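This is what each chain is made of:
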Amino acid sequence: VLDKYEDVRYPINVGCGWDISISDLAYMIKEVVGYQGDIVFDISKPEGQMKKLLCNKKMTALFGEQRFTSLRDGIAKTVDEYSMMHKYF
């Protein structure tokens, strides 16, 4: 990106063109890691922004359409890598 993108005043979003709610993400992580407990949301706090979809038009213009690792696979790979790293400590 640094070699091709010259207008550094504005960021380039790296996104796949879809979004996910925090709740759906939490339950996906729960499933991937095999967590059996409950997920509890603090409903006394403001909800905040429900979703935020990053626009990836600049990245696509520079590099064309990209193939992304699925979120579920990325979470699983991250957990596996973390587990392997910490097995030795």
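Calculation criteria
- Residues numbered from 1 in each chain as written.
- Predicted model: local features only at pLDDT ≥ 70, side-chain atom pairs only at ≥ 80, totals over all residues.
- Heavy atoms only, no water.
- Patch = residues over 30% accessible without salt bridge, like charges linked within 9 Å, V, L, I, M, F, W, Y side chains within 5 Å.
- Areas by Shrake-Rupley, 256 points an atom, 1.4 Å probe, with all protein chains shown as cover.
- Salt bridge = Lys/Arg side-chain N within 4 Å of Asp/Glu carboxyl O.
- Helix = DSSP H or I, 4+ residues; strand = E, 2+ residues; numbered from the N terminus.
- Buried < 20%, exposed > 50% of the residue type's maximum accessible area, 1.4 Å probe, protein only.
- Contact = heavy atoms within 4.5 Å.
- Expected span 1.5 Å × (residues − 1).
- Axes fitted to C-alpha atoms, helices over the stretch in contact; angles between N-to-C directions.
- Parallel < 35°, antiparallel > 145°, perpendicular 65-115°, else oblique.
- Left-handed = near helix turned anticlockwise from the far one by under 90°.
- Nonpolar A, V, L, I, M, F, W, Y, C, P; charged D, E, K, R; others polar.

J.: Help me understand a nonpolar patch on the surface in this model?
T.: There is a patch of nonpolar side chains on the surface, built from Ile22, Tyr27, Phe41 and Ile43 and spanning about 470 Å² of accessible area. Relative to the helices and strands, Ile22 resides in helix α1 (residues 22-33). When its relative accessible area of 58% is taken as the criterion, Ile22 is described as exposed.

J.: I would appreciate a short explanation of the environment of Arg67 in the present structure.
T.: Tracing the chain through its elements places Arg67 in the loop between α2 (57-63) and α3 (71-87). The exposed category is assigned to Arg67, whose relative accessible area is 84%. Separated by 51 residues in sequence, Arg67 and Cys16 place their C-alpha atoms 8.3 Å apart.

J.: Explanation requested: the environment of Lys4 in the structure shown.
T.: Looking at the secondary structure, you find Lys4 in the segment before α1. Since its relative accessible area comes to 48%, Lys4 is described here as partly exposed. Contacts of Lys4, omitting those with residues within four sequence positions, involve Leu62 and Phe63.

J.: Before we go on, may I ask you to explain α1 in this structure?
T.: Because each turn of an α-helix spans 3.6 residues, side chains separated by three or four positions in sequence point in the same direction. Between its first and last C-alpha, α1 extends 16 Å over 12 residues, near the 16 Å set by a 1.5 Å rise per residue. Considered for burial, the residues of α1 that qualify are Ala26, Met28 and Lys30. Positive phi shows up at Gly34, right after α1, with a value of about 80°.

J.: How do you make sense of the packing of α1 against α3 when you look at a structure like this?
T.: Geometry of a packed helix pair, given as the angle between the helix axes and the separation of the axes. Viewed as axis vectors pointing N to C, α1 and α3 meet at an angle of 50°, and their least axial separation amounts to 10 Å. Between α1 and α3, the angle is such that the two are oblique. Once α1 is placed against α3, the crossing between them reads as right-handed. Counted together, Leu25, Met28, Ile29, Glu31, Val32 and Val33 of α1 and Leu71, Arg72, Ile75, Ala76 and Val79 of α3 form the full contact between these two elements. By residue class, the composition of the contact of α1 with α3 is 9 nonpolar, no polar and 2 charged.

J.: Help me understand the environment of Thr78 in this model?
T.: Along the chain, the position of Thr78 falls in helix α3. For the pair Thr78 and Arg9, spaced 69 residues apart in sequence, the C-alpha to C-alpha distance is 31 Å.

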